[in-house]
Amino acid sequence: MHGLTCAHVDQNQVAHLECPDEYYISEILYANFGLNEGTCGGYTADDSCLNVTVIDEVKARCVNEDNRMQSCSVPAYNDVFGNRSEERRVGKECRSRWS
């Protein structure tokens, strides 16, 4: 296992999630396109800005055990996730392709 890494993207930009060579995105641990507090591995979201559908959308785009993707892109556009706020954060887990 390589460990937890996080990404931040501003509204109307694209988050690029990537694991090092020989690793793949194995899990999305946190994803919210709303106001976030804390640091990587300990994010929390303000209930008024929590968008509970985001993690499922990010998982659908980035986690595929059959394909074991090293990277993926997630748009932070209002027409995809709604207009909750201007901050988006994602925490992902990378694992070795050979484990």
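Residues numbered from 1 in each chain as written. Predicted model: local features only at pLDDT ≥ 70, side-chain atom pairs only at ≥ 80, totals over all residues. Heavy atoms only, no water.

Participant: Go over the packing of aromatic side chains with me, naming the residues and quoting the values.
Facilitator: With the rule as written, the count across this model stands at one aromatic pair. With a centroid separation of 5.4 Å and an interplanar angle of 40°, the aromatic rings of Y30 and Y43 are classed as tilted. With Y30 in strand β3 (residues 23-32) and Y43 in the loop between β4 (36-37) and β5 (44-45), this pair connects stretches of sequence that are 13 residues apart. Y43 shares its class with Y30; the two are buried. (Phe/Tyr/Trp six-rings, centres within 6.5 Å; stacked < 30°, edge-to-face > 60°. Helix = DSSP H or I, 4+ residues; strand = E, 2+ residues; numbered from the N terminus. Buried < 20%, exposed > 50% of the residue type's maximum accessible area, 1.4 Å probe, protein only.)

Participant: Outline the pattern of salt bridges, supporting the account with residue identities and numerical values.
Facilitator: As enumerated under the stated definition, the model contains two salt bridges in all. Two residues, R61 and E57, come together in a salt bridge whose shortest N-O distance is 2.7 Å. With a gap of four residues between them, R61 and E57 both fall in helix α1 (residues 54-62), about one helical turn apart. Residue classification places R61 among the partly exposed residues on the basis of a relative accessible area of 32%. Its salt-bridge partner being E65, residue R68 comes within 3.8 Å of it at the nearest N-O pair. When its relative accessible area of 24% is taken as the criterion, R68 is described as partly exposed. Given a relative accessible area of 42%, E65 falls into the partly exposed group. (Salt bridge = Lys/Arg side-chain N within 4 Å of Asp/Glu carboxyl O.)

Participant: A description of the confidence of the model for the chain should follow, citing residues and the corresponding values.
Facilitator: In the predicted model, the chain carries a mean pLDDT of 76, and 69% of its residues have values of at least 70. Looking at the elements of the chain, mean pLDDT is at its lowest for strand β7 (residues 87-96), recorded as 55, and at its highest for strand β6 (residues 71-75), recorded as 89. (pLDDT = per-residue confidence, 0-100.)

Participant: Please provide a residue-by-residue account of the nonpolar core, values included.
Facilitator: Among the nonpolar cores identified, the biggest contains 16 residues, and L17, I25, I28, V58, C62, C72 and V74 are the most heavily contacted of them. Of all elements in the fold, only β1 (3-10), β2 (14-18), β3, α1 and β6 reach the threshold of two or more residues within this core. (Core = buried A, V, L, I, M, F, W, Y, C linked by side-chain atoms within 4.5 Å.)

Participant: Please set out the environment of Q70 residue by residue, giving values where relevant.
Facilitator: Counting through the fold element by element, Q70 comes out in the loop between α1 and β6. Here the alpha-carbon distance between Q70 and L17, two residues 53 residues apart in the chain, equals 8.3 Å. A distance of 3.2 Å separates polar atoms of two side chains, one belonging to Q70 and the other to D21. (Polar contact = N/O pair within 3.5 Å; in protein donor to acceptor, adjacent residues only side chain to side chain.)

Participant: Go over α1 with me, naming the residues and quoting the values.
Facilitator: All of the buried residues in α1 are V54, V58 and C62. The buried residues of α1 occupy one face: seen down the axis, they fall within an arc of 45°. Looking at α1, the residues exposed on the side facing more than 90 degrees away from the buried face are D56 and A60. (Arc of directions from axis to C-beta.)

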